[in-house]
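# Descriptive structure summary
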Amino acid sequence: MTFRPAFRQRYLWNAVLAAAAIMLLVWTMFPFLWILLTSLKSPADVISVPPTFVFTPTIDNYSALVIGEQHGQYASARPDFPRFFLNSIIISIGAVALSIAAGIPAAYALARYNFPFKNVSWQVRLLAYWTRKTNTIDRIKCLDHCTYSLRSSSDVCLRLCKKLHNLLRKLDEERLALLRAVPLVTEGKRLICSTRELNVVKLGLLQRLAQTLGILGRKPLS
Amino acid sequence: LLPYLLLAPALVLLAGMLYPFGLGLYYSLTSYWLQYPNRFRFVWFDNYVSLVSEPLFARAMQFTLGFTLVAVIVQVGLGLAVALFLHARIPGRNVIRALMLMPLMMPPVITALMWKIMMASTNGGILNYMLSFIGVDPINWFGSTQGAVVSVLIIDTWGNLPFVALVLLGGLQALPTEPYEAAQVDGASPVAMLRYLTLPLLSPFLVLVMTFRTMDSLRIFDVIYATTAGGPNDATTNLLFMAYQYSFQWYQMGKGMAQAVVLLLLVVIASYLLLRLWNRAAENAAQ
């Protein structure tokens, strides 16, 4: 009879966990579900009182994006959707290309060489992060894109360094000794590695990222 | 010379960033008003002084600081709960983790519009409709001053909770296992382990995520712009939105820039203090 309270407690605990899981999923997914449903509704269904979950779905809203209004439901003219799509692609590819082109040599220089004012440039990059959004008010859009790509490149550098640092701290003694055989450039608290070490660490880093995201499960990458 | 050559492209971009920043700083010291180009003068700190007697500024400051405080506490608290939950061994954990990340992929403006549709107070918005089943009277989400503040908080929390939970979950997974084994051998209760092991070990991550959230909450704009536009009765006007209104709706560039500079100072001070706290927390946790 002594095990019964513990048994009941575990049932209760499982029920609490299940309720938490359901609450979390509803909180996260319901807006998506509702917007998906709304996008498939005709205008009359969208504003129906009370809101309906049962209706005849229509793809008019989607086709309107590409081929324009069919039934004159809205007053506005056809949005130039392909053009907007192209704009997004141009901006994202441009920003990524620019930040990589500027970020890789800069990261290499900061990691491999010692030179005067090196630390200053790190501080300035942090300032770039701070000012990012306050400055979006400035309407100089072109310059703004530059800001943005710079921000992300310095962001990537910082994050990579931090991740490597954490990872190296976590590695078991054996591999740590192996890594110690290769010279490390330690600069204050930041730990910066050569490309060779980067390759050693990269695999573990990928695996760890995948685990954190929980998408690939716990299977080690090979 | 080579390192400078390698840094050159980044420095050029940096100059492109610092130029508008410097320009804004300069404009904040002038009487730049788009409607009256003739009145352009260098007025030193007049714009800053006039902010003090501006009632909207006091309210915007109050909202900015209050919102940041509440948002950071709520989001880090809930995020910690979610992270602990996702760290526990539960069936379907990986699926829940992947689904939970979905709000991170949404642009904040789209998030805000999504919730705006759901929070419609007239004609039966879905949220009020669902609440009516558990006996809650229809809530005037964006129409009342308190309702608008709470709505913005809910939307911001929905969009940023995954980020907080993800960082803290990463922190939880990086914690050493030995202290927990030792605590188990000593017969510590789960609550005690949470209080005396997890929280101290996790403190660098907590402070880090608080830093990020503080910076972003101080300068929240997208959600406010897409839903309440600062209203009703300026209840959700924060410093950044006020600066936007001054600059681009009332064309008083000088005053707008002065407000932006004040906000920048606020963000820099807050993040500097939090980063110092973070360094200390990291040192303590490493010992």
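An account of the accompanying structure is given in this report. Because the structure is predicted, anything quoted here is derived from the model rather than measured.

### Structural notes on the overall build of chain B
Within chain B, the regular secondary structure consists of 12 helices and 0 strands. Going residue by residue from the N terminus, the α and β elements of chain B occur as α-α-α-α-α-α-α-α-α-α-α-α. The dimensions of chain B, computed from C-alpha atoms along their principal axes, are 80 × 65 × 35 Å. Burial analysis of chain B (287 residues in total) assigns 46% to the buried set. Within chain B, counting contacts between residues at least 6 apart in sequence, those at least 24 apart form 68% of the total. A total accessible area of about 13800 Å² is found for chain B, and carbon and sulfur atoms account for 69% of it. Computed over 13 positive and 11 negative side-chain charges, the inter-centroid distance for chain B is 5 Å.

### A look at the packing of aromatic side chains
All names here are of chain B. Under the definition given, this model contains 26 aromatic pairs over all chains. Ring geometry for Y27 and Y32: centres 4.6 Å apart, planes at 45°, overall tilted. What makes Y32 partly exposed here is its relative accessible area of 23%. With 5.4 Å between their ring centres and 80° between their planes, Y32 and F40 make a pair best called edge-to-face. An aromatic cluster is built from Y26, Y27, Y32, F40, F42, W44, F45 and Y48, whose rings are joined through pairwise contacts. Stacked on the ring of Y36, the Lys or Arg R39 has its end atom at 4.1 Å from the ring centre. Of note, R195 hangs over the ring of Y196, and the distance from its end group to the ring centre comes to 4.8 Å.

### Description of a nonpolar patch on the surface
Nonpolar side chains collect at one region of the surface, where F53 and V54 of chain A together with M130, F133, I134, V136 and I139 of chain B lie side by side and expose about 680 Å² of accessible area between them. Along the polypeptide, F53 of chain A turns up in the loop between α2 (43-46) and α3 (60-67). On the basis of relative accessibility, which here comes to 40%, the residue F53 of chain A falls in the partly exposed class.

### Structural notes on the side chain of D45 of chain A
Residues and elements named next belong to chain A. For D45, the location among the structural elements is in helix α2. One buried charged side chain, D45, makes no salt bridge at all; its nearest oppositely charged neighbour is K41, positioned 6.9 Å away. Residue contacts for D45: discarding those within four places in its chain leaves T52, F55 and T56.

### Re the environment of R8 of chain A
Residue and element names in this part refer to chain A. For R8, the location among the structural elements is in helix α1 (residues 4-39). You can call R8 exposed: its relative accessible area is 59%. Separated by 19 residues in the primary sequence, R8 and W27 have C-alpha atoms spaced 28 Å apart.

### Focus: helix α4 (residues 81-112) of chain A
In this model α4 of chain A runs 46 Å from its N-terminal to its C-terminal C-alpha over 32 residues, within 8% of the 46 Å that 1.5 Å per residue would give. Buried residues of α4 of chain A: S99, A102, G103, P105, A106, A109, L110 and A111 of chain A, and no others.

### Focus: the pattern of salt bridges
Residue and element names in this part refer to chain B. Taken as a whole and assessed by the stated rule, the structure comprises 3 salt bridges over all chains. In this structure, R219 engages D216 in a salt bridge whose closest nitrogen and oxygen atoms are separated by 3.2 Å. What makes R219 buried here is its relative accessible area of 0%. What emerges from the salt-bridge pattern is a single network uniting D156, R213, D216 and R219.

### Looking at the environment of T56 of chain A
Residue and element names in this part refer to chain A. Following the sequence through the fold, T56 ends up in the loop between α2 and α3. Along the sequence, T56 and S42 sit 14 residues apart, while their C-alpha atoms lie 8.2 Å from each other. Apart from the residues lying within four places of it in its own chain, the contact partners of T56 are L40 and D45.

Criteria and thresholds
- Within each chain, residue numbers correspond to sequence positions counted from 1 in written order.
- The order in which chains are written sets their letters, starting at A; the order in which ligands are written sets their numbers, starting at 1.
- Since the coordinates come from a predicted model, pLDDT governs what is reported: local features require at least 70, and pairs of side-chain atoms require 80 or more to be given and counted, while whole-chain, interface and lining totals use all residues.
- Note: side-chain values were computed over all heavy atoms of the structure, leaving out hydrogens and water.
- Numbering of helices and strands runs from the N terminus, with a helix taken as a DSSP run of H or I at least four residues long and a strand as a DSSP run of E at least two residues long.
- Partly exposed describes any residue whose relative accessible area lies between the buried limit of under 20% and the exposed limit of over 50%, with all areas from a 1.4 Å probe on protein chains only and scaled to the type maximum.
- Whether two residues touch is decided by their heavy atoms; if any such pair falls within 4.5 Å, the residues are in contact.
- A 1.4 Å probe and the Shrake-Rupley method give the accessible areas. Residues count as covered only by the protein chains that appear here.
- Charge assignment: positive for Lys and Arg, negative for Asp and Glu; neither His nor the chain ends contribute.
- Here the site of a charge means atom NZ of a Lys, CZ of an Arg, CG of an Asp or CD of a Glu.
- Between rings of Phe, Tyr and Trp, where Trp is taken as its six-membered ring, a pair exists when centres lie within 6.5 Å; planes separated by under 30 degrees are stacked, by over 60 edge-to-face, and by other angles tilted.
- We count a charge as sitting over a ring when the NZ of a lysine or the CZ of an arginine lies within 6 Å of the ring centre and within 35 degrees of the ring normal.
- Residues form patches when they are more than 30% accessible in relative terms and have no salt bridge. Like charges link within 9 Å. Nonpolar side chains (Val, Leu, Ile, Met, Phe, Trp, Tyr) link within 5 Å.
- One speaks of a salt bridge when a side-chain nitrogen belonging to Lys or Arg is within 4 Å of a carboxyl oxygen belonging to Asp or Glu.
- To estimate the expected span of a helix, subtract one from its residue number and multiply by 1.5 Å.

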